[in-house]
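# Remarks on the overall topology
Residues per chain, in single letters:
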Amino acid sequence: MFSATTYTARRAELCRRIGGGLILIPGNGEASYNYPNNTYHFRQDGTFLYYFGLNLPQFFGVIDAATGEATLFGDDVTVDDIIWMGPQPTVVELGAQVGVASTMPTSALAQFVATAVASGQKVHYLPPYRGKTTLQLCSLLGLTPEQLMKGMSVDLMFAVAQMRETKSAEEIEALERAFHIGYDMHTTAMKMCRAGVVEREIAGAIEGIALGQGAGISFTSIVSQHGETLHNHNYNGTLENGRLLLVDAGAESVENYCSDHTRTYPVSGKFTDKQRDIYNIVLAAHQLSPQNMRTGAMYMEDVHRKALIILAEGLRGVGLINGSAEDAVAAGAMYLFMPHGLSHGMGIDVHDCEAMGERSYDFSAIAERAAESATCIHRATWRLRAGTVMSNEPGIYFIPALIDKSRAEGLYKGIVNYDKLDSYRDFGGIRIEDDIIVTDNGGRVIGGDKKIPVTVEELEAFLSR
Ligand code: GLY
Ligand code: MN
Ligand code: MN
């Protein structure tokens, strides 16, 4: 947690941007996975963490945007709670830690909100992403889930995204701490990588590091020889010489700031010529993209598209694409090789602010506002600002089902060399990922001089130890 002044200043700035009305910021509760008392690892809501800092379940923040007064709703623990959870600070003490002087029991929340609504105050809330939060907001506001989604505050979505997207110095320090945990996770995976090891042994070891050094993993680790499956959570494979292992994994610092890195390397410790050729194409996009991640750049045009062009040029070099790289990109042919974005926002959430982003909701009705806001929650209109933190994760994947579908549909005719592509059907996929801070002069890689091995030479040297 940062000092109380950080949270007080953030809430004041949010009020300045919203101007009036009541802002509801629900914290997360515990989530059960097979019976009520067996809960997942607790993860606080990112926006609640940002404005109220408390990493504990069952709190609810309310801010009066006109007066700036914040109220923390929550309950002091009872002796029954203490038996199971141990002693906890009081709500008053917790509020003081984050600069909130006004606290009330949860039972007072409904009346508090009802009074504001009755007096004509507008109520602002973000679209919920958990069922329990949806039920809680529906009950507080007397709405059906459908009405609730229609009434989400677009003003609040964009204000929160704009504030969360650019990071302060103390946030960057927390992201650096998350990097160092990620470094240990990835180099441990490399040290364990040899034929005969089962993927889950590596997944278990690196997730243990995330928990041992920070607040745990920032997303479910991907440890797979099937790198062509983008979010592969199957760890049953036994490592075999000749194949590539893709590890996409990250950690949260104790303040819940996230890292997200990917490395892909040969199980044998030595790339084959074919693997090295494709690897170096992805590496070129990875190494050149940060220079485009500068203040004012438009993500889609200046960053994502340029990375695709580098990849297309490389694929042309190995004979998988015919004609110019520009034409291949313009025709959409790169979707066949990299069917995902180059970047997403990074911060308290590993896909920062996506809880209110275009992937969660239909933005068509608010496209103009999205364009104006230019935040990472709408990548098509994302304009980079100094202090924006984003991933840089180019990849090339050979996905047989996608190749077959494209070929059967006659897509990218004359551009993609499908006959040659046949010899890559069992290649797998390569992704290389680091986290970048945007500056006026281009992107700075989080981690500074300390770098997870990434070039062919660095990887082969590290893997041979
Ligand atoms: N770890 C998922 C991603 O890179 O977006
Ligand atoms: Mn990743
Ligand atoms: Mn990522």
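The model shown is predicted, which means the values in this text are computed figures rather than measured ones.

Counting its regular elements, the protein chain contains 17 helices and 15 strands. Taking the principal axes of its C-alpha atoms as reference, the protein chain extends roughly 70 × 50 × 40 Å. For the protein chain, with 465 residues in total, the buried portion stands at 54%. Put simply, of all contacts in the protein chain between residues at least 6 apart along the chain, 73% involve residues at least 24 apart. When the accessible surface of the protein chain is summed, it comes to about 19,400 Å², and 53% of that surface belongs to carbon and sulfur atoms. For the protein chain, the centre of its 39 positive side-chain charges and the centre of its 55 negative side-chain charges are spaced 4 Å apart.

Each α-helix turn comprises 3.6 residues. Residues three or four places apart therefore point the same way. With 16 residues, helix H11 (residues 273-288) ought to run about 22 Å at 1.5 Å a step, and its terminal C-alpha atoms sit 22 Å apart, in line with that. Along H11, the residues classified as buried are Gln275, Ile278, Tyr279, Ile281, Val282, Leu283, Ala285 and His286.

What follows concerns the side chain of His340. By the element assignment, His340 lies in the loop between helix H13 (325-330) and helix H14 (367-373). Side-chain polar atoms of His340 contact the side chain of Tyr397, separated by 2.7 Å. Not counting residues up to four positions away in its chain, the partners in contact with His340 are Leu230, His304, Glu393, Tyr397 and Arg431.

Coordination of the manganese ion (ligand 3) by the protein is provided by Asp260 (OD), His344 (NE2), Glu393 (OE) and Glu433 (OE), with metal-donor distances spanning 2.0 to 2.2 Å. With six donor atoms in place around the manganese ion (ligand 3) and angles of 48 to 162° between them, the coordination shape is irregular. Donor residues binding the manganese ion (ligand 3) come from one chain and are separated in sequence as D-x83-H-x48-E-x39-E.

Turning our eyes to something else, we now look at the packing of aromatic side chains. All chains considered together, the criterion is met by 14 aromatic pairs. For the ring pair Phe2 and Tyr257, a centre distance of 5.9 Å and an interplane angle of 45° mean the geometry is tilted. Taken together, the positions of Phe2 in the segment before helix H1 (4-18) and Tyr257 in the loop between strand S9 (244-249) and strand S10 (261-266) put the pair 255 residues apart, joining distant regions of the chain. Tyr257 carries the same exposure label as Phe2, and that label is buried. Residues Tyr33 and Tyr40 carry aromatic rings whose centres are separated by 4.9 Å and whose planes lie at 35° to one another, so their mutual orientation is tilted. An aromatic cluster is built from Phe337, Phe398, Tyr424 and Phe427, whose rings are joined through pairwise contacts. The residue whose ring lies beneath Arg10 is Tyr50, and the NZ or CZ to ring-centre distance is 3.9 Å. Over the face of the ring belonging to Tyr183 we find Lys450, whose NZ or CZ atom lies 4.4 Å from the ring centre.

For the pair helix H9 (residues 169-192) and helix H17 (residues 456-463), interaxial distance at closest approach is 9 Å and the crossing angle is 60°. Comparing the axis directions of H9 and H17 gives the class oblique. Residues Thr187, Met190 and Lys191 of H9 touch H17, and the partners they reach there are Leu459, Phe462 and Leu463. Looking at the contact of H9 with H17, its residues break down into four nonpolar, one polar and one charged.

As for its placement among the helices and strands, Leu211 is situated in helix H10 (residues 199-213). For the pair Leu211 and Glu252, spaced 41 residues apart in sequence, the C-alpha to C-alpha distance is 8.6 Å.

On the surface, a cluster of nonpolar side chains totalling about 550 Å² of accessible area is made up of Val79, Ile83, Trp84 and Met85. Relative to the elements of secondary structure, Trp84 occurs in helix H3 (residues 79-85). In this structure Trp84 comes out as exposed when scored by relative accessible area, which is 77%.

Turning to the pattern of salt bridges, a few remarks are in order. In this structure the tally under the stated criterion is 27 salt bridges. A salt bridge links Glu460 to Lys270, with the nearest nitrogen and oxygen atoms 3.5 Å apart. Placement of the pair is Glu460 in helix H17 and Lys270 in the loop between S10 and H11, with a sequence separation of 190 residues. A relative accessible area of 13% places Glu460 in the buried class. The closest approach of N and O atoms between Arg276 and Asp273, which form a salt bridge, is 3.1 Å. Of this pair, Arg276 and Asp273 both sit in helix H11, three residues apart, which is roughly one turn of that helix.

Before going further, it helps to examine the coordination of the manganese ion (ligand 2). The reference angle at a metal is 109.5 degrees if four donors form a tetrahedron and 90 or 180 degrees if six donors form an octahedron. Surrounding the manganese ion (ligand 2) are the protein donor atoms Asp248 (OD), Asp248 (OD), Asp260 (OD) and Glu433 (OE), which sit 2.0 to 2.5 Å from the metal. Around the manganese ion (ligand 2), the six donor atoms are arranged such that angles at the metal cover 55 to 166°; this shape is classified as irregular. Metal-to-metal, the separation of the manganese ion (ligand 2) and the manganese ion (ligand 3) is 3.2 Å; Asp260 coordinates the two. Taken together, the positions of Asp260 in the loop between S9 and S10 and Glu433 in the loop between strand S13 (429-431) and strand S14 (434-439) put the pair 173 residues apart, joining distant regions of the chain. Per residue, the accessibility class of Asp260 equals that of Glu433, and both read buried.

Rules used in this analysis
Residues numbered from 1 in each chain as written. Chains lettered and ligands numbered in written order. Predicted model: local features only at pLDDT ≥ 70, side-chain atom pairs only at ≥ 80, totals over all residues. Heavy atoms only, no water. Helix = DSSP H or I, 4+ residues; strand = E, 2+ residues; numbered from the N terminus. Buried < 20%, exposed > 50% of the residue type's maximum accessible area, 1.4 Å probe, protein only. Contact = heavy atoms within 4.5 Å. Areas by Shrake-Rupley, 256 points an atom, 1.4 Å probe, with all protein chains shown as cover. Lys, Arg positive; Asp, Glu negative; His and termini not counted. Charge placed at Lys NZ, Arg CZ, Asp CG, Glu CD. Expected span 1.5 Å × (residues − 1). Polar contact = N/O pair within 3.5 Å; in protein donor to acceptor, adjacent residues only side chain to side chain. Donors = N, O, S within 2.8 Å, 3.2 Å for Na, K, Ca; no water. Tetrahedral: all angles 85-135°; square planar, octahedral: opposite > 155°, others 65-115°. Phe/Tyr/Trp six-rings, centres within 6.5 Å; stacked < 30°, edge-to-face > 60°. Lys NZ or Arg CZ within 6 Å of the ring centre and 35° of its normal. Axes fitted to C-alpha atoms, helices over the stretch in contact; angles between N-to-C directions. Parallel < 35°, antiparallel > 145°, perpendicular 65-115°, else oblique. Nonpolar A, V, L, I, M, F, W, Y, C, P; charged D, E, K, R; others polar. Patch = residues over 30% accessible without salt bridge, like charges linked within 9 Å, V, L, I, M, F, W, Y side chains within 5 Å. Salt bridge = Lys/Arg side-chain N within 4 Å of Asp/Glu carboxyl O.

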